[in-house]
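# Report on the structure
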Amino acid sequence: MHTQRDAQPCVRRPYLVRIIGVYPIHPSEREAIRSQGPATVWDSGWDPYDPGRPAVS
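Just so it is clear, the structure is predicted and the values come from calculations on it, not from any experiment.

## Section: the pattern of salt bridges
Following the criterion strictly, the structure yields two salt bridges and no others. A salt bridge links Glu29 to Arg53; the shortest N-O distance between them is 2.7 Å. With Glu29 in helix H1 (residues 27–36) and Arg53 in the segment after helix H2 (39–42), this pair connects stretches of sequence that are 24 residues apart. Given a relative accessible area of 0%, Glu29 falls into the buried group. Across the pair Glu31 and Arg34 runs a salt bridge whose closest N-O atoms are separated by 3.0 Å. Of this pair, Glu31 and Arg34 both sit in helix H1, three residues apart, roughly one helical turn. Here Glu31 falls in the partly exposed class, since its relative accessible area comes to 48%.

Written as structure tokens, this is what we have:
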């Protein structure tokens, strides 16, 4: 069932955040990123596209 709201055009608004990429992150990596910064994981040579990879230590 369609409502009057469904018929309204979508208006795009500028947002402060844009999500560019999403990668699987292990819980231990989240803690390292919070405490030491994203370079801890990003510069470690990890494969961000492999969800089965071992956690960066």
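## Some words on the packing of aromatic side chains
Evaluated as defined, the whole model comprises four aromatic pairs. Relative to Tyr49, the ring of Tyr23 lies with its centre 5.8 Å away and its plane at 70 degrees, an arrangement referred to as edge-to-face. Pair noted here: Tyr23 is in the segment before H1 and Tyr49 is in the segment after H2, with a separation of 26 residues, a long-range link. What makes Tyr23 partly exposed here is its relative accessible area of 28%. Ring centres of Trp42 and Trp46 lie 5.6 Å apart, and the angle between their planes is 65 degrees; this geometry places the pair in the edge-to-face category. Three or more aromatic residues joined by ring pairs make a cluster, and in this case those are Tyr23, Trp42, Trp46 and Tyr49.

Conventions used here
Residues numbered from 1 in each chain as written. Predicted model: local features only at pLDDT ≥ 70, side-chain atom pairs only at ≥ 80, totals over all residues. Heavy atoms only, no water. Salt bridge = Lys/Arg side-chain N within 4 Å of Asp/Glu carboxyl O. Helix = DSSP H or I, 4+ residues; strand = E, 2+ residues; numbered from the N terminus. Buried < 20%, exposed > 50% of the residue type's maximum accessible area, 1.4 Å probe, protein only. Phe/Tyr/Trp six-rings, centres within 6.5 Å; stacked < 30°, edge-to-face > 60°.

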